[in-house]
Amino acid sequence: MSTARLFLKETLRRPGEVVAIAPSSQAVAKKMTRGLEQVDGPIVEIGPGTGSFTRVILARGVAPSRLTLLETNEAFCAMLRERFPGVRVLNRPAQDIRKIGLTDVGAVISGVPVLARPQIQREVVGRAMDIMAPGGWFSQITYSPRAPISTAMQAELGVTATYRGMVWANLPPAHVFAFHRIQH
């Protein structure tokens, strides 16, 4: 089944689970994954959907054995396993990131919506930072020009946001932010 067809089918079948209106563009994927070539250690992608970011992560030279995907949609998991041999695909929510046995994670690439969802921010970004290597980063797509995590929540989580830029070539146009642990 084609990516577009599977995406549409799962969007109609599980509208609360598939929250994007279209798969992310290659332009967004490039901005989300910029810098992975210099990252050591495991890389985790949360909410990979149909694999738009996964494809670019691997194209940046990341070995499939270093990449773990956390996806809640079983049909997407099956497709991801078929299309990306050697990549660890887990049918689990992003909130399980601390439970999957990884430490010293170099980067997390997130397609999970966190804007205006403080509980999700704590459960996803906060937990990811708990297993992050020093200097690791969390890349987040959003459709708002402001960081998807408020400055108060950033302080609570001990992170700081860096704006990576806007991508017009996406439906809808997207903004990308990277979050880093505040170094003391």
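Before reading further, recall that the structure is shown in the block above.
Scope of this entry: the structure provided in the associated data block. Predicted model only: the values in this text are computed from it and were never measured. (Residues numbered from 1 in each chain as written. Predicted model: local features only at pLDDT ≥ 70, side-chain atom pairs only at ≥ 80, totals over all residues. Heavy atoms only, no water.)

Re the pairing of strand β4 (residues 105-110)
Turning to step 1, where the next piece is worked out: Counting buried positions along β4 yields six of six residues, so the element is predominantly enclosed.
Turning to step 2, where the next piece is worked out: Where strand β1 (residues 43-46) and β4 come together, four bridges link them in parallel fashion. Within β4, the position partnered with glutamate 45 by the bridge is isoleucine 109.
Turning to step 3, where the next piece is worked out: Here five bridges tie β4 to strand β5 (residues 132-142), and the two strands are oriented parallel to one another. Bridge pairing in β5 places alanine 107 opposite tryptophan 137.
Turning to step 4, where the next piece is worked out: Between the parallel elements β4 and β5, the chain passes through helix α5 (residues 118-130) in a crossover that is right-handed. (Buried < 20%, exposed > 50% of the residue type's maximum accessible area, 1.4 Å probe, protein only. Helix = DSSP H or I, 4+ residues; strand = E, 2+ residues; numbered from the N terminus. Pairing = 2+ DSSP bridges. Right-handed = clockwise from strand over helix to strand, strands pointing away.)

Brief notes about the environment of alanine 169
Turning to step 1, where the next piece is worked out: With respect to the element layout, alanine 169 can be found in the loop between β6 (159-167) and β7 (174-181).
Turning to step 2, where the next piece is worked out: Through-space distance from the C-alpha of alanine 169 to that of glutamine 26 is 8.5 Å; in sequence the pair is 143 residues apart.
Turning to step 3, where the next piece is worked out: Among all residues touching alanine 169, those that are not within four sequence positions of it are Ser25 and Ala27. (Contact = heavy atoms within 4.5 Å.)

Re the packing of aromatic side chains
Turning to step 1, where the next piece is worked out: Enumeration according to the criterion identifies one aromatic pair in this entry.
Turning to step 2, where the next piece is worked out: Measuring from centroid to centroid gives 4.9 Å for tyrosine 163 and phenylalanine 177, while their planes differ by 55 degrees, and the two rings are tilted. On the criterion of sequence distance, the pair formed by tyrosine 163 in strand β6 and phenylalanine 177 in strand β7 is long-range, its members being 14 residues apart.
Turning to step 3, where the next piece is worked out: The buried category is assigned to phenylalanine 177, whose relative accessible area is 5%. (Phe/Tyr/Trp six-rings, centres within 6.5 Å; stacked < 30°, edge-to-face > 60°.)

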